[in-house]
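Architecture and fold: a report
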Amino acid sequence: MEMLLMLVIFVGAAYFLMIRPQQKRMREHQSQIDALQPGERVILTSGIFATLSHIADTQAIVELAPGVEVTILKQAIARA
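First, a word on what this report is: a plain description of the structure on this page. None of these values were measured; they are calculated from a predicted model.

Parameters and conventions
- For every chain, the first residue of the written sequence is number 1, and numbering continues from 1 onward in sequence order.
- Whole-chain, interface and lining totals are the exception, using all residues; otherwise, since this is a predicted model, local features are given only for residues with pLDDT of at least 70 and side-chain atom pairs are given and counted only at 80 or more.
- Where side-chain values are given, they derive from all heavy atoms of the structure, hydrogens and water being excluded.
- A pair of aromatic rings is counted whenever rings of Phe, Tyr or Trp (Trp by its six-membered ring) have centres within 6.5 Å, and the orientation is called stacked for planes under 30 degrees apart, edge-to-face for over 60 and tilted otherwise.
- Exposure classes here rest on a 1.4 Å probe applied to the protein chains alone. A residue is buried below 20% of its type maximum, exposed above 50%, and partly exposed in between.
- Strand pairing is defined by DSSP finding a minimum of two bridges between the two strands.
- Starting at the N terminus, helices and strands are each numbered in turn, a helix being any DSSP run of H or I of at least four residues and a strand any DSSP run of E of at least two.
- Axes, fitted as lines to C-alpha atoms, cover a helix only where it is in contact. Angles between the N-to-C directions of the axes lie from 0 to 180 degrees.

Some thoughts on the packing of aromatic side chains
- Throughout the structure, instances matching the rule amount to one aromatic pair.
- Aromatic pair Tyr 15 and Phe 16: ring centres 5.1 Å apart, planes at 80°, arrangement edge-to-face.
- The class for Phe 16 is exposed, based on a relative accessible area of 52%.

As structure tokens, then:
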């Protein structure tokens, strides 16, 4: 009985200390990505700075240098 109680406490602690904060960060990141507008500067997960040219549901077109545009997945945007 004591082992079961300890297991439940451990699982509950793991949820509140690890899983829940990660889910919150993911929701905040997704809301930031959804709020992006063309013309904003972003950092890609590769560390490249880019300017948004066009943004759609799953993809975005970013300009890396004048005249150099690349299509990326929206999930590749690390920060705005």
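Some thoughts on the sheet that holds strand β5 (residues 77-79)
- The sheet built from five strands is open, its strands ordered β4-β3-β2-β1-β5 with antiparallel pairing. Each edge of the sheet is formed by a strand with only one pairing partner; in this case those strands are β4 (68-73) and β5. Averaged over all pairs of adjacent strands, the angle between strand axes in this sheet comes to 55°, irrespective of strand direction.
- Strand direction decides the pairing type here: strand β1 (residues 41-44) and β5, joined by two bridges, are antiparallel. Within β5, the residue paired with Ile 43 across the bridge is Arg 79.

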